[in-house]
Amino acid sequence: MQILVLGGDGYLGWPTALHLSAAGHDVAVNDNFARRGYDEEMGVDSLVPIATLDERIAAWKDVSGKTINAYVGDLCDPEFTHSMVGDFRPQAIVQYAEQRAAPYSMIDQAHAVYTQTNNVVGTLNVMYAIADTDIDIHLVKLGTMGEYGTPNIDIEEGWIEIEHKGRKDRMIYPKRPGSFYHCSKVHDSTNIEFGCRTWGMRATDLNQGVVYGSDTEQTALDPRLATRFDYDGVFGTVLNRMTIQAVLGHPLTVYGNGSQTRGLINLVDTVECIRLACESPAERGEFRVFNQLTETMSVRQIAETVAREYPGDCTIEHVDNPRVEAEDHYYNVTYQALEELGLQPTLLGTTLIEQLFDVVERYKDRVDVAAIRPTVRWRDTTSQLHDPSGTLAKA
């Protein structure tokens, strides 16, 4: 199968490309390196050093004998996007190429507008490229569980059967996003469902939980194949942050009372979910939604797990929550579809946390301690960040 991975230089995109290539698919990647530009803007690097895309592709050729093609360009450029899709003519497109951090979207007006423009316009251009090239191209789009918010009812997989005033209908599950980034994902879902209903597109929307982990079977083969490990207050995820704090002997910071519950998924399961979705495409005209997670935990439970597994002293510190979110809430998620396709869940446990501790220990000299604490607050509307370059990362 010919598969085009958009955002193929990123934390998820690169290991996904390797996983698909190793499975025998003909893979190409696209990126405009905006994520690397965010590092320059934020003044912080990935904990794990990462090679350039050219070096990564060459390393994969050395290790596996397989070739991954690269298209460097911006999805917000419709001419480039149409040309790329028409040239490679994929059977599936995996769309990762979006600004993916909620705090980044909440820095100020410019970052909110940039996030929504980059994400929504880029995906719309991909949709039109599919419609103009081959409507049977299957769009596999990475969404987020943050689209749903924390409703006081069970979260279904994208659709819900409702009865209102004696009438019944099957409708898109109501969304209550938690940031301007999450809003952009809701807009994507609305646009893609419309494209399926109106043009007859095939699409799978993967509403993913918080991803953790630093290696897959393929990235572990050579240091040049490593993917990112983000830990800062803007792009870092909670488990990454806490494992670093544990290794450095700092308290594990829990926002608010820590009862906020989220879905979790290991990186190795993420790339496998993409493979399963690509190899079992949606039907013509179908907007298919999978909730992509393997377990749920509260932030406090994550901190307690890290503290329990760390071999040294480890304390937990509660700090003011910079976000506007419900802390005590109901959270029950349906996530059966991917397991029905064959996913064998990898659950958080001692071995996986020890692997994270090992990664942090190897690269702890690269940690910028000042970057770990939260700097972006949801209630602030004025600029909360100095941009050394004077401009946002080019998207």
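Residues numbered from 1 in each chain as written. Predicted model: local features only at pLDDT ≥ 70, side-chain atom pairs only at ≥ 80, totals over all residues. Heavy atoms only, no water.

Concerning the nonpolar core
Here is step 1: Core analysis: the biggest nonpolar cluster contains 47 residues, and Tyr104, Phe229, Met242 and Ile244 have the highest contact counts within it.
Here is step 2: Listing elements by their share of this core, those giving two or more residues are helix H2 (34–42), helix H5 (102–105), helix H8 (238–248), strand S10 (252–255), helix H10 (299–309) and helix H12 (350–363).
Here is step 3: In terms of nonpolar packing, the next biggest core, distinct from the first, is built from 35 residues, Val29, Ile57, Val140 and Cys273 among them. (Core = buried A, V, L, I, M, F, W, Y, C linked by side-chain atoms within 4.5 Å. Buried < 20%, exposed > 50% of the residue type's maximum accessible area, 1.4 Å probe, protein only. Helix = DSSP H or I, 4+ residues; strand = E, 2+ residues; numbered from the N terminus.)

Some thoughts on the sheet that holds strand S11 (residues 261–266)
Here is step 1: Taken in spatial order, the 3 strands make up an open sheet running S9-S11-S13, and their pairing is mixed. The open sheet terminates on both sides in strands that have one partner only, identified here as strand S9 (210–212) and strand S13 (295–298). Strand-to-strand, the axes of this sheet are offset by a mean angle of 45 degrees, without reference to chain direction.
Here is step 2: With 4 bridges joining them, S11 and S13 adopt antiparallel strand pairing. The residue bridging arginine 262 from the neighbouring strand is methionine 297, located in S13.
Here is step 3: The strands touched by helix H9 (residues 267–279) within the sheet are S9 and S11, with S11 carrying the most contacts at an inclination of about 75 degrees.
Here is step 4: Its contacts with the sheet place H10 against S11 and S13, and it is angled at close to 90 degrees to S13. (Pairing = 2+ DSSP bridges. Axes fitted to C-alpha atoms, helices over the stretch in contact; angles between N-to-C directions. Contact = heavy atoms within 4.5 Å.)

A word on the pairing of strand S6 (residues 159–164)
Here is step 1: In this structure, S6 lies alongside strand S7 (residues 167–172), joined through 6 bridges in antiparallel fashion. Across the sheet, glutamate 163 pairs through a bridge with lysine 168, a residue of S7.
Here is step 2: Taking the residues between adjacent antiparallel strands as the criterion, S6 and S7 are bridged by 2 residues, where lysine 165 takes a positive phi near 55 degrees.

Considering the layout of surface pockets
Here is step 1: Here the second largest pocket is characterised by a volume of approximately 200 Å³.
Here is step 2: Grouping the constituent residues of the lining of the second largest pocket by class yields 8 nonpolar, 3 polar and 3 charged. (1 Å grid on protein atoms, 1.4 Å probe; cavity = no way out; pocket = protein on both sides within 12 Å on 5 of 7 lines; lining within 4 Å. Points joined across faces, edges and corners; volume = space filled by probe spheres on them. Nonpolar A, V, L, I, M, F, W, Y, C, P; charged D, E, K, R; others polar.)

Concerning unusual backbone geometry
Here is step 1: The phi angle at arginine 89 is positive, at roughly 50 degrees, despite the residue not being glycine.
Here is step 2: Within the fold, arginine 89 resides in the loop between helix H4 (78–88) and strand S4 (92–95).
Here is step 3: Non-glycine residue lysine 165 carries a positive phi angle of around 55 degrees.
Here is step 4: Residue position: lysine 165 is located in the loop between S6 and S7.

Comments concerning the environment of proline 322
Here is step 1: Tracing the sequence through the fold places proline 322 in the loop between strand S14 (316–319) and helix H11 (337–341).
Here is step 2: Placed 57 residues apart in sequence, proline 322 and arginine 379 show a C-alpha to C-alpha distance of 8.1 Å.
Here is step 3: Setting aside residues no more than four positions away along its own chain, proline 322 makes contact with Tyr255, Pro374, Val376, Arg377 and Trp378.

Let's talk about the pairing of S10
Here is step 1: Side chains Leu252 and Val254 of S10 all project onto a buried face; the interleaved residues Thr253 and Tyr255 project onto the opposite face, where all are buried too.
Here is step 2: Where S10 meets S14, 4 bridges bridge the pair, whose relative direction is parallel. Each bridged residue has a counterpart across the sheet, and for tyrosine 255 the counterpart in S14 is valine 319.

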